[in-house]
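Single-letter residue listing:
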Amino acid sequence: MNRPANLDVLLEPRPPSPLQEIRDDRFERYGVRLLLKRDDLVHPELPGNKWRKLAPNLRAAVAGGYGCLVTFGGAYSNHLRATAAAGRLLGLRTVGIVRGDELAGRPLNESLARCAADGMRLHFVSRSDYRRKTEPGTRARLLAGAGAEGAYVVPEGGSNALALRGCAELGRELRGAADVVAVACGTGGTLAGLAAGLGPGQRALGVPVLAGGFLGREIRSLQTLAFGAPAGDWSLAEDFHHGGYGRVPAPLEAFAAEFEARHGLPVERIYVAKLLWALTELTASGAFPPGTTLAAVVTGRP
């Protein structure tokens, strides 16, 4: 396979994403300083943690001579969209294995339509098969059904050892900038890498956007795979998922809209709104002592 001409342009090291201080009395009254790590600005088409996770995998796929990427996600997956965009930019074929075979006969939502427009072939599978996608036999059957045998496989959410090493750079960019660095979590890969990259005395805080209480085990497993052992000081705040992935109840929507109006910033609803809500509530409860500097990682755009 010929090396894509725009590989270096897409995957070259990016300058650190900016840190933006937010003046907000919901934090200042408790003596807490809030910074936003604007990772939504790190790449125009692969924003935030998607670029950090995908770039090392894309390099490996191209170096290995793969002509096709296959990955997994739900109907509103930002990871599917990012993978489809990366494939278009690099001239690689992409296949998305999508949770929910009941969606196959329905019109595509905006997220999946964007994937299709970027050239991704969508393959819908049952929810029971999707839950078992990491089992070798089930995965082989799903890849065969999608016509993706021999493709480079990127796991759901992009979280693997290569991705964690990419996300560790995010932590290194934030060394010395904050006492606590917080990020919303789906599969846990961004938090796992971020925590490993932070410096001594810094703590990473993850806000899961899914219910279930399973992420701690996943993060430890991912870190062991990537670094040989659990790494960094991290914890989870698991009570802010608002009913589960993709759920944006009216109070959360109102909070996000008010934050946008107050600060003139777009707030992505599935991840970033839940993160900012959690930090507001935790600050009010006294979870952060006066003098704490918080950095919230903005992982994507609406």
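Conventions adopted
Residues numbered from 1 in each chain as written. Predicted model: local features only at pLDDT ≥ 70, side-chain atom pairs only at ≥ 80, totals over all residues. Heavy atoms only, no water. Helix = DSSP H or I, 4+ residues; strand = E, 2+ residues; numbered from the N terminus. Rg over C-alpha atoms; globule rule 2.2 N^0.38 Å. Buried < 20%, exposed > 50% of the residue type's maximum accessible area, 1.4 Å probe, protein only. Contact = heavy atoms within 4.5 Å. Areas by Shrake-Rupley, 256 points an atom, 1.4 Å probe, with all protein chains shown as cover. Lys, Arg positive; Asp, Glu negative; His and termini not counted. Charge placed at Lys NZ, Arg CZ, Asp CG, Glu CD. Pairing = 2+ DSSP bridges. Axes fitted to C-alpha atoms, helices over the stretch in contact; angles between N-to-C directions.

### Some points on the overall build of the protein
Phase 1: Helices and strands together make up the secondary structure of the protein, namely twelve helices and ten strands.
Phase 2: Scaling as 2.2 N^0.38, a compact globule of 302 residues should have a C-alpha radius of gyration of about 19 Å, and the protein matches this with 19 Å.
Phase 3: For the protein, the spread of C-alpha atoms along the three principal axes comes to 55 × 35 × 35 Å.
Phase 4: Expressed as a percentage of its 302 residues, the buried residues of the protein come to 55%.
Phase 5: Sequence-distant contacts, at least 24 apart, represent 73% of the contacts inside the protein between residues at least 6 apart.
Phase 6: Summed over all atoms, the accessible surface of the protein reaches about 12,800 Å², with 52% contributed by carbon and sulfur.
Phase 7: Separation between the mean location of the 36 positive side-chain charges and that of the 29 negative ones in the protein comes to 4 Å.

### Topic: the side chain of Asp129
Phase 1: Considering the arrangement of structural elements, one finds Asp129 in helix H6 (residues 127-131).
Phase 2: Given the relative accessible area of 15%, Asp129 is considered buried.
Phase 3: Apart from residues lying up to four places away in sequence, Asp129 is in contact with Thr138, Arg141 and Leu142.

### Considerations on the environment of Ala151
Phase 1: For Ala151, the position within the fold is in the loop between helix H7 (136-145) and strand E6 (152-153).
Phase 2: On a C-alpha basis, the gap between Ala151 and Thr94 in space is 8.8 Å, while along the polypeptide they are 57 residues apart.
Phase 3: Excluding residues within four positions of it along the chain, Ala151 makes contact with Tyr66, Cys68 and Val70.

### Thoughts on the sheet that holds strand E3 (residues 68-73)
Phase 1: The strand order across the open sheet formed by four strands is E5-E4-E3-E6, and the pairing between neighbours is parallel. Pairing within the sheet leaves two strands with one partner each, and these edge strands are strand E5 (120-125) and E6.
Phase 2: As paired strands, E3 and E6 are joined by two bridges and run parallel to one another. Paired with Val70 across the bridge in E6 is Val153.
Phase 3: The strands touched by helix H5 (residues 110-117) within the sheet are strand E4 (93-99) and E5, with E5 carrying the most contacts at an inclination of about 135°.

### Notes on the pairing of strand E2 (residues 33-37)
Phase 1: Buried residues dominate E2, accounting for four of its five residues.
Phase 2: In this structure, E2 lies alongside strand E10 (residues 293-297), joined through five bridges in parallel fashion. Bridging from a neighbouring strand, Arg33 pairs with Thr293 of E10.

### Overview of the sheet that holds E2
Phase 1: Read from one edge of the open sheet, six strands run E1-E2-E10-E7-E8-E9, paired in mixed fashion. A single partner strand is all that each edge strand has here, and the edge strands are strand E1 (19-22) and strand E9 (234-236). Strand after strand, the sheet turns through a mean of 25° between neighbouring axes, direction not considered.
Phase 2: Alignment of E1 against E2, held across four bridges, turns out to be antiparallel. By the bridge assignment for E2, Leu19 is matched with Lys37.

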